[in-house]
Amino acid sequence: MTERQMIQEILNTVDVIYAFEDVDEDAKEYTLLITQQDNDNRDIKKVNEEIKKYFQEADFNYKEEINPKNTDKKADLRVVIKR
C-alpha cells in the first residue's frame with residue numbers, strides 16, 4: 001500500500017471529505033484540506049482527534065489547523081502529515 005493509499009484509507013475510515021492541497025512525495029509530506037460531511041454532527045475537535053490518532057498509529061507526524069483562514073477552498077481542518 002502506498003502512502004497516498006494509506007492516507008485515503010484513514011480519511012475514508014473517519015468519513016470526511018478531503019483534498020490534497022500540497023504533495024511532496026520526495027519529502028513524504030502531504031497537506032490535506034478536510035471538511036466534514038453535511039450530516040456529520042460530531043464536533044470538529046473530536047473529528048480531528050480521531051484522524052490524529054489514526055495517523056500517529058501509522059507513524060506519521062501530524063500538525064493541524066482548525067478552521068484555516070488562508071486557503072482557496074473552504075475547509076474545517078488543514079492537516080500537514082509527514083512520514
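To keep things clear, this report deals only with the structure shown in the data block. (Residues numbered from 1 in each chain as written. Predicted model: local features only at pLDDT ≥ 70, side-chain atom pairs only at ≥ 80, totals over all residues. Heavy atoms only, no water.)

**So, the sheet that holds strand β3 (residues 61-66)**
One open sheet accounts for 4 strands, arranged β1-β2-β4-β3; its pairing is antiparallel. Looking at strand neighbours, the two that pair on one side only are β1 (17-24) and β3, the edges of this open sheet. Taken over all neighbouring pairs, the strand axes of this sheet differ in orientation by 20° on average, direction set aside. Relative to strand β4 (residues 77-82), strand β2 (residues 29-35) is paired through 6 bridges, and the arrangement is antiparallel. The residue of β4 that forms the bridge with Glu29 is Lys82. Sitting on the sheet, helix α1 (residues 3-14) touches β1, β2 and β4, and the angle it makes with β1 is about 155°. Sheet strands in contact with helix α2 (residues 44-57) are β2, β3 and β4, and its direction is about 165° off that of β3. (Pairing = 2+ DSSP bridges. Helix = DSSP H or I, 4+ residues; strand = E, 2+ residues; numbered from the N terminus. Axes fitted to C-alpha atoms, helices over the stretch in contact; angles between N-to-C directions. Contact = heavy atoms within 4.5 Å.)

**Section: α2**
Between its first and last C-alpha atoms α2 spans 20 Å; for 14 residues at 1.5 Å apiece the expected length is 20 Å, and the two agree. For α2, every residue scored as buried is listed here: Ile44, Val47, Asn48, Ile51, Lys52 and Phe55. Mapping the buried residues of α2 onto a view down its axis gives an arc of 135°, with all of them on the same face. Turned more than 90 degrees away from the buried face of α2, the exposed residues are Lys46 and Glu57. Packing partners of the buried residues in α2 comprise α1, β2, β3 and β4. Its side-chain oxygen 3.1 Å from the backbone nitrogen of Lys45, Asp43 forms the N-cap of α2. Trailing α2 by a residue or two, Asp59 shows a phi angle of about 65°, which is positive. (Expected span 1.5 Å × (residues − 1). Buried < 20%, exposed > 50% of the residue type's maximum accessible area, 1.4 Å probe, protein only. Arc of directions from axis to C-beta. Polar contact = N/O pair within 3.5 Å; in protein donor to acceptor, adjacent residues only side chain to side chain.)

**So, the pattern of salt bridges**
This structure, assessed with the given rule, holds 7 salt bridges. The salt bridge involving Glu64 is made with Lys52; its shortest N-O contact spans 3.8 Å. With Glu64 in strand β3 and Lys52 in helix α2, this pair connects stretches of sequence that are 12 residues apart. With a closest N to O distance of 3.2 Å, Glu65 and Arg78 form a salt bridge. Residue Glu65 is found in strand β3, and its partner Arg78 is found in strand β4; the two are separated by 13 residues along the sequence. Of the residues examined, Arg78 reaches a relative accessible area of 11% and is grouped as buried. (Salt bridge = Lys/Arg side-chain N within 4 Å of Asp/Glu carboxyl O.)

**Some details on a negative patch on the surface**
A cluster of like negative charges, contributed by Asp22, Asp24, Asp26 and Glu29, occupies part of the molecular surface. On the secondary structure map, Asp26 appears in the loop between β1 and β2. (Patch = residues over 30% accessible without salt bridge, like charges linked within 9 Å, V, L, I, M, F, W, Y side chains within 5 Å. Areas by Shrake-Rupley, 256 points an atom, 1.4 Å probe, with all protein chains shown as cover. Lys, Arg positive; Asp, Glu negative; His and termini not counted. Charge placed at Lys NZ, Arg CZ, Asp CG, Glu CD.)

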